[in-house]
Structure formats: structure tokens, C-alpha cells
Amino acid sequence: VQLQASGGGLVQAGGSLRLSCAASGRTFSNYAMGWFRQAPGKGRYFVTAIGSDGVSTYYADSVKGRFTISRDNAKNTVYLQMNSLKTEDTAFYYCAADRVIATMTLSDVYDMDYWGKGTLVTVSS
């Protein structure tokens, strides 16, 4: 699976952004999808994930109530709607795909099936 993330940019605190991740190469609907983020000089951490059928969703406590993950299997795309952004949300955001959603929710970054390149989100105060 090839993953291409887009939608990052500069936004003021309190604002919104929507990230997209387009997948190609294998059956998208077979994979759980998720987003991770990595701030400069820090590790890569779980943000959110969605099951292959689009029903089950999981969120890190730090983004619950502000971020929403969704997917469109017909378009092979997963989305991350980010509202009420905070300066601490500033990071590179990475799209990920894995056959097992627990790989994401447990932040097992070394065993992830596929990663996309990051897209930078910068939230200014």
C-alpha cells in the first residue's frame, strides 16, 4: 500500500484543518487506518485509528472531542478533521495502514505494515 498524506499547513490556535491520506496498491478496505504525529526531537505517537469497516474508532486522550477520523473506502481515502487546534498539536502527521488495528492503538510503530510521508501541521499562538 502506498500512502500519500496532504492537507497540512499553518493555522492559528483554535482553528481547523483537514488532513487526507490517499491509498493505492492493495485493497484499502482490508486495512485499519490511522494517524500518528511526531514533533521535532520527539517520538512518533498514536493520534487516532479507524477500523477497516469504518465503524470502530479510537483516539488518544489528548485529541478526544477535537479530532475526528473517517474513511471513504470507495475513494481509498482516510481523513482527519482537526478542530480547536492547540499549539501542542504542532507536528508532522503520518498516515499508517495495518491489518491489525491494535498495532496502531498500542503505538507499535516498528511493526506497522505501511507508513506514508508526513505532512506538517503548525499551530501558531
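Digging into the overall build of the chain
Line of reasoning, step 1. From N to C terminus, the chain includes 1 helix and 11 strands.
Line of reasoning, step 2. Reading the secondary structure of the chain in the N-to-C direction produces β-β-β-β-β-β-β-β-β-α-β-β.
Line of reasoning, step 3. Here the C-alpha radius of gyration of the chain, 13 Å, is about what a compact globule of 125 residues would show, namely 14 Å.
Line of reasoning, step 4. If you line up the chain on its principal axes, its C-alpha atoms span 40 × 30 × 25 Å.
Line of reasoning, step 5. By the burial criterion, 42% of the 125 residues in the chain qualify as buried.
Line of reasoning, step 6. Sequence-distant contacts in the chain: of pairs separated by 6 or more residues, those separated by 24 or more amount to 57%.
Line of reasoning, step 7. Counting only carbon and sulfur atoms, one obtains 47% of the accessible surface of the chain, whose full area is about 6300 Å².
Line of reasoning, step 8. The average position of the 12 basic charges and that of the 9 acidic charges among the side chains of the chain differ by 6 Å.

So, the side chain of Arg-66
Line of reasoning, step 1. Mapped onto the fold, Arg-66 is located in the loop between strand 6 (57-59) and strand 7 (67-72).
Line of reasoning, step 2. Looking at Arg-66, the relative accessible area reads 10%, which means it is buried.
Line of reasoning, step 3. In this structure, Arg-66 is in contact with Gln-81, Met-82, Asn-83, Ser-84, Leu-85, Lys-86 and Asp-89, ignoring residues within four places of it in sequence.

Comments concerning the nonpolar core
Line of reasoning, step 1. Within the largest apolar cluster, 37 residues are counted, with the highest numbers of intra-cluster contacts made by Met-33, Trp-35, Val-78, Met-82 and Tyr-93.
Line of reasoning, step 2. Mapped onto this core, the elements with two or more residues apiece are strand 1 (2-6), strand 3 (17-24), strand 4 (32-38), strand 5 (44-50), strand 7, strand 8 (77-82), strand 9 (91-98) and strand 11 (119-124).
Line of reasoning, step 3. Per element, the largest residue contribution to this core is 5 residues, and it comes from strand 9.

Points about the layout of surface pockets
Line of reasoning, step 1. In this model, the largest pocket occupies a volume close to 170 Å³.
Line of reasoning, step 2. Forming the boundary of the largest pocket are 13 residues, of which Arg-37, Ala-39, Lys-42, Tyr-45 and Glu-88 lie nearest the centre.
Line of reasoning, step 3. When residues of the lining of the largest pocket are traced back to their parent elements, those giving at least two are strand 4 and strand 5.
Line of reasoning, step 4. Sort the elements by how many residues they give to the lining of the largest pocket and strand 5 lands first, with 3 residues.
Line of reasoning, step 5. Residues that form the lining of the largest pocket fall into these classes: 6 nonpolar, 4 polar and 3 charged.

Rules behind the numbers
Residues numbered from 1 in each chain as written. Predicted model: local features only at pLDDT ≥ 70, side-chain atom pairs only at ≥ 80, totals over all residues. Heavy atoms only, no water. Helix = DSSP H or I, 4+ residues; strand = E, 2+ residues; numbered from the N terminus. Rg over C-alpha atoms; globule rule 2.2 N^0.38 Å. Buried < 20%, exposed > 50% of the residue type's maximum accessible area, 1.4 Å probe, protein only. Contact = heavy atoms within 4.5 Å. Areas by Shrake-Rupley, 256 points an atom, 1.4 Å probe, with all protein chains shown as cover. Lys, Arg positive; Asp, Glu negative; His and termini not counted. Charge placed at Lys NZ, Arg CZ, Asp CG, Glu CD. Core = buried A, V, L, I, M, F, W, Y, C linked by side-chain atoms within 4.5 Å. 1 Å grid on protein atoms, 1.4 Å probe; cavity = no way out; pocket = protein on both sides within 12 Å on 5 of 7 lines; lining within 4 Å. Points joined across faces, edges and corners; volume = space filled by probe spheres on them. Nonpolar A, V, L, I, M, F, W, Y, C, P; charged D, E, K, R; others polar.

Everything listed here is a matter of coordinates, which is why it stays silent on function.
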